[in-house]
Amino acid sequence: GQNIDQPTEMTATEGAIVQINCTYQTSGFNGLFWYQQHAGEAPTFLSYNVLDGLEEKGRFSSFLSRSKGYIYLLLKELQMKDSASYLCAVRDGDYKLSFGAGTTVTVRA
Amino acid sequence: IAGITQAPTSQILAAGRRMTLRCTQDMRHNAMYWYRQDLGLGLRLIHYSNTAGTTGKGEVPDGYSVSRANTDDFPLTLASAVPSQTSVYFCASSESGLAADTQYFGPGTRLTVL
């Protein structure tokens, strides 16, 4: 199986920056996804990385290092609505997604 | 509005009963998936289907069965529910199961087995 580690919880102040790290071990690699999940709702797609480097999408960006088995999600200019769980998911050699347990981010005023 | 629907939204079920969770998508996606989400464990794949007429086992398939008679529907059946199957169940779909496609999730079904 896959092994995906990410912190359980993080807290930050409105307007600040938070970085969520995720490390993974996988048999085969076909990309890494970040999903956002608000409490009681379905996960929604945030970003996808398959090549090393930075992918930017508005206030969110993600950086992948395949050699280190490491990716981070950077949330800038935090807003209260960014309070949610952020799920790191790796697509393995069989194209199946394996999810980390998620990082709950709490944004305080 | 295009997307994925799941039914029921929530259900309380007596142990030993049979239950089918329904999932329908109108995006004409080839691949569909069933996950369960438990606190501290994240989403775990139960079963998947890369195209109508085919299914496969995921990480935690025991106690569950699926069928894929057509493109749109992917029901999940618990033949004889047990308390450890208490969870939130999410159905998802993607254009293809064999490429780096994004998976889109339904709203979920909260199941409690007593």
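Below is a summary of the structure that appears in this document. (Residues numbered from 1 in each chain as written. Chains lettered and ligands numbered in written order. Predicted model: local features only at pLDDT ≥ 70, side-chain atom pairs only at ≥ 80, totals over all residues. Heavy atoms only, no water.)

**Here we look at the overall build of chain B**
Helix and strand content of chain B: zero helices and 11 strands. When the helices and strands of chain B are listed from N to C terminus, the series reads β-β-β-β-β-β-β-β-β-β-β. For the C-alpha atoms alone, the extent of chain B along its principal axes is close to 40 × 30 × 30 Å. Among the 114 residues that make up chain B, the fraction classed as buried is 50%. Pairs at least 24 residues apart make up 55% of the contacts formed inside chain B by residues separated by at least 6 positions. Carbon and sulfur atoms provide 52% of the accessible area of chain B, an area that totals close to 5400 Å². If the 9 positive side-chain charges of chain B are averaged to one point and the 8 negative ones to another, these points end up 10 Å apart. (Helix = DSSP H or I, 4+ residues; strand = E, 2+ residues; numbered from the N terminus. Buried < 20%, exposed > 50% of the residue type's maximum accessible area, 1.4 Å probe, protein only. Contact = heavy atoms within 4.5 Å. Areas by Shrake-Rupley, 256 points an atom, 1.4 Å probe, with all protein chains shown as cover. Lys, Arg positive; Asp, Glu negative; His and termini not counted. Charge placed at Lys NZ, Arg CZ, Asp CG, Glu CD.)

**Considerations on the state of the cysteines**
For the coordinates displayed, the defined rule picks out two disulfides over all chains. Cys-22 of chain A shares a disulfide with Cys-88 of chain A; S-S distance 2.0 Å. Across the S-S bond linking Cys-22 of chain A and Cys-88 of chain A, the dihedral sits near -75 degrees, which makes this disulfide left-handed. Of this pair, Cys-22 of chain A sits in strand S3 (residues 18–25) while Cys-88 of chain A is found in strand S9 (residues 84–91), placing the two residues 66 residues apart along the sequence. Look at Cys-22 of chain A and you get buried, because its relative accessible area is 0%. In this structure Cys-88 of chain A comes out as buried when scored by relative accessible area, which is 1%. Across the disulfide from Cys-23 of chain B sits Cys-91 of chain B; the S-S distance is 1.9 Å. Disulfide Cys-23 of chain B-Cys-91 of chain B: torsion about the S-S bond near -70 degrees, hence left-handed. Taken as a pair, Cys-23 of chain B in strand S3 (residues 19–25) and Cys-91 of chain B in strand S9 (residues 87–94) lie far apart in primary sequence, 68 residues in all. Here the two residues Cys-23 of chain B and Cys-91 of chain B agree in accessibility, since each one is buried. (Disulfide = S-S within 2.5 Å.)

**Quick look at the sheet that holds strand S6 (residues 53–57) of chain A**
All names here are of chain A. Spatial strand order, S1-S3-S8-S7-S6: five strands in an open sheet with antiparallel pairing. Only two strands of the sheet have a single partner each, and these edge strands are strand S1 (3–5) and S6. Neighbour-to-neighbour, the strand axes of this sheet turn through a mean angle of 15 degrees, independent of strand direction. Here five bridges tie S6 to strand S7 (residues 60–65), and the two strands are oriented antiparallel to one another. Pairing of Glu-55 across the sheet is with Ser-62, part of S7. (Pairing = 2+ DSSP bridges. Axes fitted to C-alpha atoms, helices over the stretch in contact; angles between N-to-C directions.)

**Structural notes on the interface of chain A and chain B**
Opposite the 17 residues of chain A that make contact, chain B presents 20 residues. Here chain A and chain B share an interface that buries about 1500 Å² over both sides, 58% of which is from carbon and sulfur atoms. Considering only the side of chain A, the residues that lose the most area to chain B are Tyr-95, Lys-96 and Phe-99 of chain A, jointly responsible for 33% of the buried surface there. Along the contact surface separating chain A from chain B lie zero salt bridges. Summed over the shared surface of chain A and chain B, the number is three residue pairs in polar contact (both at pLDDT 80 or more). Here the element with the most residues in the side of chain A that touches chain B is strand S4 (residues 32–37) of chain A; it accounts for three residues. Residue classes in the side of chain A that touches chain B are distributed as 11 nonpolar, three polar and three charged. (Buried area = accessible area lost by both parts, 1.4 Å probe. Salt bridge = Lys/Arg side-chain N within 4 Å of Asp/Glu carboxyl O. Polar contact = N/O pair within 3.5 Å; in protein donor to acceptor, adjacent residues only side chain to side chain. Nonpolar A, V, L, I, M, F, W, Y, C, P; charged D, E, K, R; others polar.)

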